[in-house]
Amino acid sequence: MSTLPTRVLVTGFEPFDGEHANPSWEAARRVAQHPPPGTNVTAVQISCVFGAAIDELRDAIEAQSPELVLCIGQAGGRPDLTVERVAINVDDARIPDNAGRQPVDEPVVQAGPAAYFSSLPVKACVAAARKAGVPASVSQTAGTFVCNHLFYGLAHLIATQHPGIRGGFVHVPYVPAQVAHRAVPSMAADDIATGLRAILVAARDTVTDIRETGGATH
Ligand code: PCA
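The model shown is predicted, which means the values in this text are computed figures rather than measured ones.

A.B. asks: Any chance you could explain the nonpolar core here in plain terms?
C.D. replies: Side chains of nonpolar character tend, in soluble globular proteins, to be buried together. In terms of nonpolar packing, the biggest core is built from 33 residues, with F13, L57, I61, V69, F145 and L150 touching the most fellow members. Residue assignment for this core shows that the elements contributing at least two residues are β1 (6-13), β2 (39-46), α2 (52-64), β3 (68-74) and α4 (146-160). Broken down by element, the residue count for this core peaks at nine residues, all from α4. Each residue touching I61, except ones within four places of it in the same chain, is listed here: L9, P66, V69, L154, L157, H162 and I165. If you look at the next biggest cluster of nonpolar residues, it comprises 31 residues, including A28, L70, V126 and A193.

A.B. asks: Looking at this structure, how should I read the sheet that holds strand β8 (residues 166-172)?
C.D. replies: Either a parallel or an antiparallel arrangement is found when strands of a sheet pair, and the pairing is made through backbone hydrogen bonds. Taken together, six strands build an open sheet; the order of strands is β2-β1-β3-β8-β4-β7 and the sheet is mixed. Looking at strand neighbours, the two that pair on one side only are β2 and β7 (136-139), the edges of this open sheet. If you compare each strand with its neighbour and ignore which way they point, the axes differ by 25° on average. Bridge count between β3 and β8: seven bridges; the pairing is parallel. If you follow I72 over to β8, its bridge partner there is V170. Packing against the sheet, α2 makes contact with β1, β2 and β3, and its axis sits at approximately 160° to β1. On the sheet, α4 packs against β1, β2, β3, β4 (81-84) and β8 and is oriented at approximately 170° with respect to β8.

What counts as what
- Residues numbered from 1 in each chain as written.
- Predicted model: local features only at pLDDT ≥ 70, side-chain atom pairs only at ≥ 80, totals over all residues.
- Heavy atoms only, no water.
- Core = buried A, V, L, I, M, F, W, Y, C linked by side-chain atoms within 4.5 Å.
- Buried < 20%, exposed > 50% of the residue type's maximum accessible area, 1.4 Å probe, protein only.
- Helix = DSSP H or I, 4+ residues; strand = E, 2+ residues; numbered from the N terminus.
- Contact = heavy atoms within 4.5 Å.
- Pairing = 2+ DSSP bridges.
- Axes fitted to C-alpha atoms, helices over the stretch in contact; angles between N-to-C directions.

Dropping the structure here:
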């Protein structure tokens with residue numbers, strides 16, 4: 001008996017904050033070019049714009065009918081892949097988005113719940129990336145910019161319209177070219193893609209998350 005490949009949607013963001021590339025997109029398209037066995041991966045680039053980002057994600061979900069959605073974003077300064085545990089219902093932008101919008105303390109979804117947990121097995125995802133030789137950890141906050149906004153939008157879509165989808169968010173470090181003149185952590189796009197492939201397979205295959213600490217004291 002042959003099983004059909006799992007339909008996976010991977011999203012990455014366009015560059016923002018004056019950067020020329022976004023490692024999330026560089027890695028997402030690599031994963032789609034060379035997907036893990038047993039998966040069919042589509043990569044879609046998302047605008048770094050409040051509101052539009054969620055609209056584009058909704059359109060991609062409707063077009064692709066994925067079983068698994070992995071949204072990826074750049075977290076400049078973080079040293080490893082961070083699997084986000086929770087999305088919160090707040091937009092509070094430290095910098096303007098790519099359309100010049102800078103919401104302060106606005107809900108992502110009016111009257112939506114305060115937060116959603118990732119529907120990915122976050123601990124198993126971290127363990128899988130590490131096993132593939134790629135540094136990874138659990139993150140307790142995706143921030144309050146467009147990445148958290150998209151993550152919350154994804155979780156809300158899953159909760160209200162697409163209960164069959166499993167989805168979550170992974171933040172990734174800068175690629176080396178972005179920090180060639182700064183002493184800031186970075187990771188090659190190929191390594192990011194290797195970690196994401198492992199995360200994707202773990203997200204698909206893990207029914208019950210593993211019990212292993214991913215906590216933080218601050
Ligand atoms: N990172 C930003 C938005 C787009 C991206 O790649 C963030 O972490 O919110």
